[in-house]
Amino acid sequence: MLKIRSKLFSLIIREQIKNFEDSRIGIKIKNIRYKPFMKNREIMILEEIIRNLNPKNCLEWGSGYSTIYLPKLLLKDANWLAIEHCSDWANKINQMNFNSGVNIKYIPPNNYPWSDNNNDGSHEDLIDYIEFPDNHAPYDFILIDGQARLECIKKSFDLITDMGVVVLHDANRMYYHKNIEIYPNQVFFPIHGRKGLGLWIGSKELKINEVLNVTSHKNLERLHLFFYNLRKRVSK
């Protein structure tokens, strides 16, 4: 019990440090320019997975500040392929990137506006975007944070190694969960009270707790849920 509390306390401290770094004073001290558009506790989960997994070949659907931030955690000989459907955004991220192991690839949609009910893009809308990673498979780590996420979740199962990890961001959107049942090992970290955000993590054969202290991060999630419910009661 003491060990569990100690690990939770360590996570709380790390999260508060990251929150401080996000402040104007913190940015000036640490000179942190680019961080993923995620909650700090989500970034902490990704950091822990990548550091413990040490993936050599990584895929990201949907480029962003994560494309600049996360590959810094990789070994020098690792590769990170980011697929982006928006040319302006791909160009912007490319201009920020000085990591030779990171390749940002613009793949235009096959059809727009999107034809699916979720306004996320169907397989037909983004078939080239979904299928392009075939050329560089298999992958040890996949981050899904772009368009056509339902299709990318399904496609990832064919691209990921048996001991690799797939991560879906904005997993609070429950319609994304339609295709996750194909992964034998999985865990979901919601961000309560938000329509977006939240992380889902899956693998074929790797137990998630081999690369992530699931218990401690779940305890941190429960702590945030407690304060979320407390704020709701107070605001009534």
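These figures come from a predicted structure and were not determined experimentally.

Participant: What is the right way to look at empty space enclosed by the protein in this model?
Facilitator: Regions of empty space are outlined by a rolling probe, equal in size to a water molecule, passed over the atoms. Considering all chains together, one arrives at one cavity of 30 Å³ or more under this definition. Around the largest cavity, the lining residues are Arg41, Glu42, Ile45, Phe189, Pro190, Ile191, His217, Leu220 and Glu221. Looking at the lining of the largest cavity, the elements that each hand over two or more residues are helix H3 (40–53) and helix H8 (214–235). Classifying every residue of the lining of the largest cavity gives five nonpolar, one polar and three charged.

Participant: Any chance you could explain the pairing of strand E1 (residues 57–61) here in plain terms?
Facilitator: As a general feature of sheets, a regular strand has side chains that alternate between the two faces. Where burial is concerned, most of E1 is hidden: five out of the five residues are buried. Residues Asn57, Leu59 and Trp61 of E1 are buried on one face, and the alternating residues Cys58 and Glu60, pointing to the opposite face, are buried as well. Across five bridges, E1 lies against strand E2 (residues 79–84) in parallel orientation. Residue Glu60 lies in a different strand from E2, and its bridge partner there is Ala82. Where E1 and strand E4 (residues 139–144) come together, four bridges link them in parallel fashion. The partner of Trp61 across the bridge, within E4, is Ile144.

Participant: In this structure, what is going on with the sheet that holds E2? I would like to understand it.
Facilitator: Strand order in the open sheet formed by seven strands is E3-E2-E1-E4-E5-E7-E6, and the pairing between neighbours is mixed. A strand with exactly one partner marks an edge of an open sheet, and here the two such strands are strand E3 (102–106) and strand E6 (185–189). Recorded for the sheet is a direction-independent mean angle of 15° between the axes of neighbouring strands. Lying over the sheet, H3 contacts E2, E4, strand E5 (160–169), E6 and strand E7 (199–203), oriented at roughly 170° with respect to E5. Each of E2 and E3 is contacted by helix H5 (residues 87–96), which is oriented at about 160° to E3, the strand it contacts most.

Participant: What am I meant to see in the side chain of Glu42 here?
Facilitator: Relative to the helices and strands, Glu42 resides in helix H3. Despite its burial, Glu42 remains without a salt bridge, the nearest opposite charge being carried by Arg41 at 7.2 Å. Look past the residues within four positions of Glu42 in its chain and what remains in contact with it is His169, Ile191, Leu197, Gly198 and Leu199.

Definitions and cut-offs
- Residues numbered from 1 in each chain as written.
- Predicted model: local features only at pLDDT ≥ 70, side-chain atom pairs only at ≥ 80, totals over all residues.
- Heavy atoms only, no water.
- 1 Å grid on protein atoms, 1.4 Å probe; cavity = no way out; pocket = protein on both sides within 12 Å on 5 of 7 lines; lining within 4 Å.
- Points joined across faces, edges and corners; volume = space filled by probe spheres on them.
- Helix = DSSP H or I, 4+ residues; strand = E, 2+ residues; numbered from the N terminus.
- Nonpolar A, V, L, I, M, F, W, Y, C, P; charged D, E, K, R; others polar.
- Buried < 20%, exposed > 50% of the residue type's maximum accessible area, 1.4 Å probe, protein only.
- Pairing = 2+ DSSP bridges.
- Axes fitted to C-alpha atoms, helices over the stretch in contact; angles between N-to-C directions.
- Contact = heavy atoms within 4.5 Å.
- Lys, Arg positive; Asp, Glu negative; His and termini not counted.
- Salt bridge = Lys/Arg side-chain N within 4 Å of Asp/Glu carboxyl O.

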